[in-house]
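For reference, the chains in residue letters:
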Amino acid sequence: MTTLTDIPQSQGFRLSQLIYDTRYRSITIQVIVFIAFMLVGWILVRNVTINLANLGKEIDFTFLRNPSNYDIQQTLIEYDSTSSNFRAAMVGLLNTLLVAFLGCILATLVGVTAGVLRLSKNWLVAKIMTVYVETFRNIPVVIWIIATMAVLSETLPQPSAFRGETPSASMWLWDTVAVTNRGTYIPMPVWGAGSVFVIVTFLLSLLAIWSFGKWAQRRFEATGQILPTAWIKLAIFIAPTLLVYMALGAPITFDSPALKGFNFQGGIQLSNSMIALWLALSIYTGAFIAEIVRAGILAVSKGQTEAAFALGLRPSRTMNLVILPQALRVIIPPLISQFLNLTKNSSLALAVGYQDLRATLGGTTMNNTGRELECMLLMMLIYLIVSLIISSGMNVYNKSMKLKER
Amino acid sequence: MKKSVFLGALTMAGLAAGAAMAQDSSTLAAVQERGALKCGVNPGTPGFAAPDANGKYIGFDVDLCRAVAAAVLGDAEKVEYTPLTSAVRFTALASGEVDMLARNTTWTFSRDVDLKNTFVGVNYYDGQGFMVPKALGVSSAKELAGATVCIETGTTTELNLADYFRVNNMDYEPVPVESFTEAQTQFLAGACDVYTTDASALAASRASFETPEAYVVLPEIISKEPLGPLVRHGDDNWGDIVRWTLNAMITAEEFGVTSANAPELVKGTENPEINRLLGVEGELGAMLGLDNAWAYNVITQVGNYGESFEKNIGENTPVGLARGLNALWTEGGLIYSPPFR
């Protein structure tokens with residue numbers, strides 16, 4: 001009972017405690033900063049609303065339903081000039097995603113190769129890679145994009161050069177691929193009857209390759225014997241599909257581009273603007289990825305290499321089995337931000353007239369409708385969502401590569 | 001994550017607010033206080049607006065900027081030029097980055113009404129045409145099915161092109177380009193078969209080619225393109241100043257007032273309209289909030305409409321445009337000014 005009286009009497013809460021009492025001080029500061037922040041935000045939003053109202057431009061998204069009235073060069077989905085502005089934005093978004101997807105793949109290939117080669121013991125190879133990395137990452141990407149486009153349109157032959165008795169230019173790969181200064185035309189597959197079996201066989205052989213890989217891995221772990229998996233996988237990849245294709249009498253044919261009228265017709269056209277953007281973005285981002293890969297490899301302690309050599313592993317196996325798996329843990333997080341950079345840099349597409357999201361929604365649509373704020377907000381939202389999706393997808397991969405603690 | 005979305009939205013709002021705040025009070029007062037007119041022009045269309053060898057902007061549209069500066073500030077040289085691509089021009093005007101646009105801009109319903117611009121007149125009646133290399137052997141736009149067409153994005157020509165090919169049931173492949181110069185580069189490199197834009201700009205660009213005779217402008221004119229200066233909605237007095245500066249140049253040509261004889265005529269003439277124009281009679285200048293010699297300054301420093309036309313784009317210049325629709329109404333054209341009264 002007596003112990004209770006030892007507790008000091010509560011003296012009540014005084015206002016000065018908000019500043020002088022360390023228990024409350026940090027809360028006070030946070031509350032004040034929060035209120036100030038909200039106030040600034042409110043002033044800005046209010047200012048925008050008032051000014052837009054004065055201009056007679058209330059926020060209004062109905063323009064998305066109206067016809068766009070313009071044409072787009074590369075459309076992955078059905079689109080013409082009578083389609084809505086919303087559809088035009090979607091066509092643009094798909095073009096953005098296409099070039100970003102292709103770019104991420106090529107940039108990774110280029111970057112990993114350059115990064116590994118830069119550590120090569122061969123002096124010349126290492127120096128060439130150093131020059132590549134330093135040149136490309138130190139010049140703004142938009143210059144690379146425009147330069148690539150200029151090279152493509154100035155050096156490649158015009159379609160008319162393929163014409164006549166003695167054309168000055170000729171098609172590649174047995175007259176199936178035409179490389180011109182308007183774009184590259186490649187054959188388009190035509191799916192005949194029975195082609196579905198060929199595709200199914202192809203998918204099954206992919207599955208077979210995957211399960212064979214698993215089986216070979218288990219066999220290796222159990223017996224220590226190594227199979228020449230690469231050759232076997234290649235055989236599985238080609239042989240069954242080819243056999244079914246032959247057996248069914250070549251159901252898939254190819255529609256090759258041919259010169260008709262002004263241009264090559266038929267086949268698939270890869271416009272030069274897309275190729276220029278794709279190459280420039282990949283090679284530029286590849287230079288950054290090369291540095292990330294190099295950093296990742298150097299981050300693995302030298303003792304690991306020495307231990308692997310001591311166990312008798314050859315240099316290539318040391319790299320593949322010991323160094324790279326550990327380096328990946330360092331490489332992946334910065335790699336994610338390079339992928340995000342590439343995706344966002346694709347908005348420079350307008351410089352070469354590739355109609356991506358920025359050129360449709362944030363370009364022609366915005367200019368024709370005069371809805372700057374709406375278009376910009378929508379575009380920010382879309383880029384944000386795309387980036388968050390890429391980032392979360394890569395984070396899943398990152399988790400799977402993390403050090404598994406047992 | 002929610003927070004960063006919110007922050008992004010706020011930043012955006014802030015930027016927009018900053019831009020919107022810039023255009024509070026009267027444009028006239030702002031220009032006079034600044035001592036310079038901010039004029040949005042084309043980055044490079046020979047004859048209409050292009051830098052000369054010394055980097056100074058000259059041209060038919062540029063003359064309009066100079067005329068407004070002469071009227072407002074008494075000095076045609078007090079202009080700050082902002083080269084604008086077709087895609088950013090309206091945003092630049094709406095945000096107050098420029099006081100007026102004199103940038104071969106087509107007057108359309110939606111640009112006037114929906115985009116909240118005020119078109120104050122027409123200084124060139126134009127129409128959209130097509131240019132092709134002669135070697136192509138094309139003589140009519142109806143033969144262009146399947147062609148690759150270079151087109152500036154964000155222009156009315158882009159919309160006309162889509163309409164024209166749809167109406168005539170022809171296919172084409174658009175090659176969108178950012179600017180006039182980029183379009184020329186692509187066209188000369190053969191990255192497109194056809195270049196389409198306003199016929200006046202086609203003539204201007206053909207004039208600047210190394211071998212103009214290797215290219216031909218097709219006879220079809222597929223649209224109406226009344227080009228003219230424009231200002232923002234909401235400042236009617238400023239709109240009046242730009243409108244009547246253009247009208248003063250046209251009226252001056254109609255009454256034979258030129259930069260050469262204006263100093264003589266300002267001493268007083270028999271014609272009351274010339275007197276009102278030059279500020280000898282009446283208070284027209286004061287009604288606009290300007291000096292009474294405003295139109296006199298315009299005519300002596302820049303010249304009348306016909307002088308400006310002949311100097312920049314007339315038949316004796318490389319651009320070589322005939323007056324055609326742009327002759328005075330008294331000579332069978334469409335150029336017409338309401339009376340100075």
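None of the values given here were measured: they were computed from a predicted structure. (Residues numbered from 1 in each chain as written. Chains lettered and ligands numbered in written order. Predicted model: local features only at pLDDT ≥ 70, side-chain atom pairs only at ≥ 80, totals over all residues.)

Caption draft 1: Focus on the overall build of chain B. Across its full length, chain B carries 14 helices and 13 strands. For 341 residues, the compact-globule estimate of 2.2 N^0.38 gives 20 Å, and chain B sits close to it at 21 Å. The dimensions of chain B, computed from C-alpha atoms along their principal axes, are 60 × 60 × 40 Å. Each of the 341 residues in chain B was classed as buried or not, and the buried ones make up 51%. Restricting the contact set of chain B to residue pairs at least 6 apart, pairs at least 24 apart contribute 72%. (Helix = DSSP H or I, 4+ residues; strand = E, 2+ residues; numbered from the N terminus. Rg over C-alpha atoms; globule rule 2.2 N^0.38 Å. Buried ≥ 20, exposed ≤ 12 C-beta atoms within 10 Å, placed from the backbone. Contact = placed C-beta atoms within 7 Å.)

Caption draft 2: Up close: the interface of chain A and chain B. The partner chain B presents 37 residues to the 37 residues of chain A that form the contact. Secondary structure elements with two or more residues in the side of chain A that touches chain B: helix H2 (22-55), helix H5 (141-155), helix H11 (357-369) and helix H12 (372-401) of chain A. If you tally residues by element for the side of chain A that touches chain B, the top one is H2 of chain A, at seven residues.

Caption draft 3: Structural detail: the sheet that holds strand S9 (residues 147-152) of chain B. All names here are of chain B. Ordered by their spatial adjacency, five strands build an open sheet running S10-S9-S11-S8-S12, and the pairing between neighbours is mixed. Two strands bound the open sheet, and with one partner strand each, they are strand S10 (172-177) and strand S12 (215-217). Strand-to-strand, the axes of this sheet are offset by a mean angle of 30°, without reference to chain direction. By the bridge criterion, four bridges tie strand S8 (residues 128-133) to strand S11 (residues 194-198) in an arrangement that is antiparallel. (Pairing = 2+ DSSP bridges. Axes fitted to C-alpha atoms, helices over the stretch in contact; angles between N-to-C directions.)

Caption draft 4: Representation of the sheet that holds strand S2 (residues 183-186) of chain A in the model. All names here are of chain A. A sheet is described by the order of its strands in space; here three strands give the open sequence S1-S2-S7, paired in antiparallel fashion. Each of the sheet's edge strands pairs with one partner strand only, and the pair in question is strand S1 (178-180) and strand S7 (268-271). Neighbour-to-neighbour, the strand axes of the sheet open up by a mean angle of 15°, direction not taken into account. Helix H8 (residues 272-299) contacts S2 and S7 of the sheet and is inclined by roughly 55° relative to S7.

Caption draft 5: Quick look at the UniProt feature "transmembrane region" (unreviewed entry) in chain A. Residues and elements named next belong to chain A. Look at the UniProt record and you will see "transmembrane region" (unreviewed entry) annotated at residues 24-45, 97-119, 131-152, 190-213, 234-254, 274-300 and 376-397. Secondary structure content for residues 274-300 is 96% helix and 0% strand, while the C-alpha to C-alpha distance between its ends is 38 Å. For residues 376-397, the helix share is 100%, the strand share is 0%, and the end-to-end C-alpha distance is 32 Å. (UniProt positions renumbered as here; feature names shortened; annotations may be inferred.)

Caption draft 6: Quick look at the domain arrangement of chain B. All names here are of chain B. Under the domain assignment, chain B is made up of domain 1 (26-125 + 226-331) and domain 2 (128-223). A straight line from the C-alpha centre of domain 1 to that of domain 2 covers 29 Å. Of the residues contributing to the side of domain 1 that touches domain 2, the split by class is eight nonpolar, ten polar and no charged. (Domains from an automatic or database assignment. Nonpolar A, V, L, I, M, F, W, Y, C, P; charged D, E, K, R; others polar.)

Caption draft 7: A look at unusual backbone geometry. Within the chain, asparagine 69 of chain A stands out as a residue other than glycine whose phi angle is a positive 70°. Counting through the fold element by element, asparagine 69 of chain A comes out in the loop between H2 and helix H3 (85-118). Although it is not a glycine, lysine 116 of chain B sits at a positive phi angle of roughly 60°. Structurally, lysine 116 of chain B can be placed in the loop between helix H5 (109-113) and strand S6 (117-119).

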